[in-house]
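Structure at a glance
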Amino acid sequence: MTLEEIKALDDQYVMHSYGRFPVAVDRGENATLWDTEGRAYIDFTAGIGVASLGHADQGWQRAVAAQAAKLAHVSNLFYAAPYAQAAQKLCTRAGMSKVMFGNSGAEANEAMIKLARKWSFDKYGKGRGTVITLRNSFHGRTITTLAATGQDVFHNYFFPFTEGFRYADANDLDSVEAVAGHDVCAVMVELVQGEGGVLPLEEKFVQGVARLCAQRDWLFLVDEVQTGVGRTGALFAFQRYGITPDAVSFAKGIANGLPFGGVMAGEKCGEVFTPGTHGTTFGGNPVAAAAACYVLDTIDGEFLARVEEKGAYLREQIAAMALPCLGEIRGLGMMLGVEVKGERTNKELAARLVDHGLLILTAGPGLRLLPPLTITKEEMDRGLGIMKETLS
Ligand SMILES: *Cc1c(COP(=O)(O)O)cnc(C)c1O
């Protein structure tokens, strides 16, 4: 099918909830994609941080195909090896005790919020279900995770939203204390606010929140849906912040493109969910779990060191372009945000880059880079070349 044919069908039958670029992606190889017209693109997006090992990785293909040929689904009323193996790999590497799998980031965060509320209910009874989140955060698109998201633009149309969320300012511990109360059970943060504009939290603030949580007996919940699975140069970003959260959610990059996610918990709240208190039909499905095992086996210490190096290289090279339309570059590992200055908006710059063969994301008012963690030097240089030429 050609772009025009696909676009016509899509326009006619698909709900218009996305503004799409005029490109129909057909296939990929690592950080290079080809559209239906045969044009090549460098991929600085990995979906939205999903294709962590790049497109069409051969080992991943084998792991997925082998599991699909054996067993694609079994209900959670039975055991299956991939679920248990993925759980062991995650808990061991993250220093957590237990995990529950789901299918997406929002669902993982819903599970994490439910976990916090039930933990508190079991210990203190009713009336302690409030979760403090940060302004400018993003936690998902379900009614509850929209309520958890600390941005007014997301609190629209879908009333009534789930109650029990209060918002504090990032990097301001006083602001967290100011919304504290007897009804609070947890604080939930992204360590690098992704959708909000790639804003890493300050280490001092994060450690302060961890201390506050310990003092007040609140759970410290970390949303690692975007920062997790090697993105920031550690398997999980919390490992760079010198803290151990009580629970951590993850999704995006965990299965290199298959829908997978979940929540891990430490000893304090690892036993909160008992039979019948939480569940999902698809969560932990064997094919996605086999993919996750492959991803986790691939992302070892050496791999993570390369993520750090490549992130630093991208930063240096973008800074060296000294383009008038770009400002400050921030982020961790290969999760980078670039400030946009001047007349044109980030969306206009992104559209122009796509038009010239580089896929890039926006976040807040800036540009965002989430390339496959496996991107090669040649692919980075080609993408950077397009950036320099197009934005000069
Ligand atoms: C993407 C994202 C989510 C939502 O994940 P979905 O898979 O789209 O539901 C939640 N939290 C953060 C930090 C994210 O980046």
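Scroll up to find the structure.
Residues numbered from 1 in each chain as written. Predicted model: local features only at pLDDT ≥ 70, side-chain atom pairs only at ≥ 80, totals over all residues. Heavy atoms only, no water.

Brief notes about the overall build of the protein
Looking only at helices and strands, the protein features 12 helices and 17 strands. What you see for the protein is a C-alpha radius of gyration of 21 Å, in line with the 21 Å of a compact globule of 392 residues. A principal-axis box enclosing the C-alpha atoms of the protein has dimensions of 60 × 50 × 45 Å. In the protein, buried positions account for 53% of the 392 residues. Long-range pairs, those at least 24 residues apart, make up 72% of the contacts in the protein between residues at least 6 apart in sequence. Carbon and sulfur atoms form 54% of the exposed surface of the protein, whose accessible area is close to 17,900 Å². (Helix = DSSP H or I, 4+ residues; strand = E, 2+ residues; numbered from the N terminus. Rg over C-alpha atoms; globule rule 2.2 N^0.38 Å. Buried < 20%, exposed > 50% of the residue type's maximum accessible area, 1.4 Å probe, protein only. Contact = heavy atoms within 4.5 Å. Areas by Shrake-Rupley, 256 points an atom, 1.4 Å probe, with all protein chains shown as cover.)

Focus on the packing of helix 11 (residues 346-355) against helix 12 (residues 377-391)
Helix packing geometry: the angle between the two helix axes and the distance between the axes. Packing of helix 11 against helix 12 brings their axes to within 10 Å, and their N-to-C directions diverge by 120°. Of the possible angle classes, the one that applies to helix 11 and helix 12 is oblique. When the axes of helix 11 and helix 12 are compared, the crossing they make is right-handed. Taken together, the residues of helix 12 that come into contact with helix 11 (itself represented by Leu349, Arg352 and Leu353) are Ile386, Met387, Thr390 and Leu391. Class assignment for the residues of the contact of helix 11 with helix 12 results in five nonpolar, one polar and one charged. (Axes fitted to C-alpha atoms, helices over the stretch in contact; angles between N-to-C directions. Parallel < 35°, antiparallel > 145°, perpendicular 65-115°, else oblique. Left-handed = near helix turned anticlockwise from the far one by under 90°. Nonpolar A, V, L, I, M, F, W, Y, C, P; charged D, E, K, R; others polar.)

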